[in-house]
Amino acid sequence: MSEKKPVTLAFKVCEPEKSKPDCSPIILHHGFLSCKERWRPIQQDLANATGRKVYAIDARNHGESEKPDYFNFDILTEDLKHFMDFHKISSACFVGHSMGGLVVMALALTAPDRVEKLIVEDVSPKEPEQELYYVFQAVVEEQLKCFEESTNSDTEGSMQQKLRECLLRNIPMIPDEDQEIIQKMEFPIKKLIMDLNLLQI
């Protein structure tokens, strides 16, 4: 059983052309099954426009970050605080997309002194209507069923290719050189199934 402790997060940082030393940095947190590279088209421009350092991180079990067995929103928040402590960031401005939005909202609630400003994308802080939980649960269960059946019946290579094609369909305007990188990517399929199960309501 994995220990429930923070892990070291991979990151990319962009320095502004004209720095404002008194300004706190911006930290970008991606959504589920994404990574820090998702922010690449805007990261440097954001640094230059604000005069702030801009960090894009990989959450645990994503991108180049560590991949332990333990995974939930509480530990993702602890990972984020650990990242800030390690880099001596007392407070920051956050942009969180989807899963990342939930993580940075949780940080704002549990450690408000660490959050200067907060932008949340594609996820609501409001509690959904109870009926939506049942709908979402049914959708997740159906997706997991299809994913597991596909994993069991298809060859490993075929399943890897299906995931690559999914990325290519869902990320618009991918440069040719990045498409070549995606075509060479390998996915921890059993790990993806386990993480999806852990995130179920």
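In this report, the structure presented in the accompanying data block is examined. Every value quoted in this text rests on a predicted model; they were computed, and no experiment measured them.

### Let's talk about the pairing of strand 4 (residues 92-97)
And step 1. Most of strand 4 sits out of view: five of its six residues are buried.
And step 2. Both strand 2 (residues 26-29) and strand 4 contribute to a ladder of four bridges, which runs parallel. Pairing of L28 across the sheet is with V95, part of strand 4.
And step 3. Examined bridge by bridge, strand 4 and strand 5 (residues 115-121) share six bridges and lie parallel to one another. If you follow F94 over to strand 5, its bridge partner there is L118.
And step 4. In this fold, the crossover linking strand 4 to strand 5 by way of helix 3 (residues 99-110) has right-handed handedness.

### A closer look at the sheet that holds strand 2
And step 1. In space, the five strands of this open sheet follow the order 1-3-2-4-5, with mixed pairing throughout. Strand pairing shows two members of the sheet lacking a second neighbour, strand 1 (11-14) and strand 5, which therefore form its edges. Strand-to-strand twist across the sheet, computed as the mean angle between neighbouring axes with direction ignored, equals 15°.
And step 2. For strand 2 and strand 3 (residues 54-57), the ladder comprises four bridges, and the chain directions are parallel. From the neighbouring strand, H29 faces strand 3, where its bridge partner is I57.
And step 3. Across the sheet, helix 1 (residues 40-50) is in contact with strand 1, strand 2 and strand 3; its angle to strand 1 comes to roughly 40°.

### Regarding the environment of C93
And step 1. Considering the arrangement of structural elements, one finds C93 in strand 4.
And step 2. For the pair C93 and L28, spaced 65 residues apart in sequence, the C-alpha separation works out to 8.7 Å.
And step 3. Among residues more than four places away in sequence, those in contact with C93 are S24, P25, I26, I27, R52, E116 and K117.

### Structural notes on helix 2 (residues 73-86)
And step 1. The first and last C-alpha atoms of helix 2 sit 20 Å apart over 14 residues, in line with the 20 Å expected at 1.5 Å per residue.
And step 2. Of the positions making up helix 2, those classed as buried are I75, L76, T77, D79, L80, K81, F83 and M84.
And step 3. Residues of helix 2 that are buried in the fold lie against strand 1, strand 2, strand 3, strand 4 and helix 3.
And step 4. A side-chain oxygen of the first residue of helix 2 lies 3.1 Å from the backbone nitrogen of D74; this N-cap is N72.
And step 5. Just past helix 2, the residue K88 takes up positive phi, approximately 55°.

Definitions and limits used
- By convention here, each chain's residues receive numbers from 1 onward along its written sequence.
- In keeping with the model being predicted, local features are shown solely for residues with a pLDDT of at least 70 and side-chain atom pairs are shown and tallied solely at 80 or more, while totals for entire chains, interfaces and linings include all residues.
- For the side-chain quantities, the full set of heavy atoms in the structure was used; hydrogens and water were omitted.
- Burial classes: relative accessible area under 20% of the type maximum marks a residue as buried, over 50% as exposed, and values in between as partly exposed (1.4 Å probe, protein chains only).
- Runs of H or I in DSSP of at least four residues are treated as helices and runs of E of at least two as strands, each being numbered from the N terminus.
- For two strands to be treated as a pair, DSSP must find no fewer than two bridges joining them.
- The path from the first strand over the helix to the second decides the hand: if it runs clockwise while the strands point away from the viewer, the crossover is right-handed.
- Each axis is a line fitted through C-alpha atoms, taken for helices only over the stretch in contact, and angles between the N-to-C directions span 0 to 180 degrees.
- We call two residues in contact when some of their heavy atoms are within 4.5 Å.
- Working rule for helices: expected span equals 1.5 Å times residues minus one.
- For the purposes of these results, a polar contact is taken to be a pair of N or O atoms within 3.5 Å, where, inside protein, one atom must be able to donate a hydrogen and its partner to accept one; residues adjacent in sequence count only when each atom of the pair is a side-chain atom.

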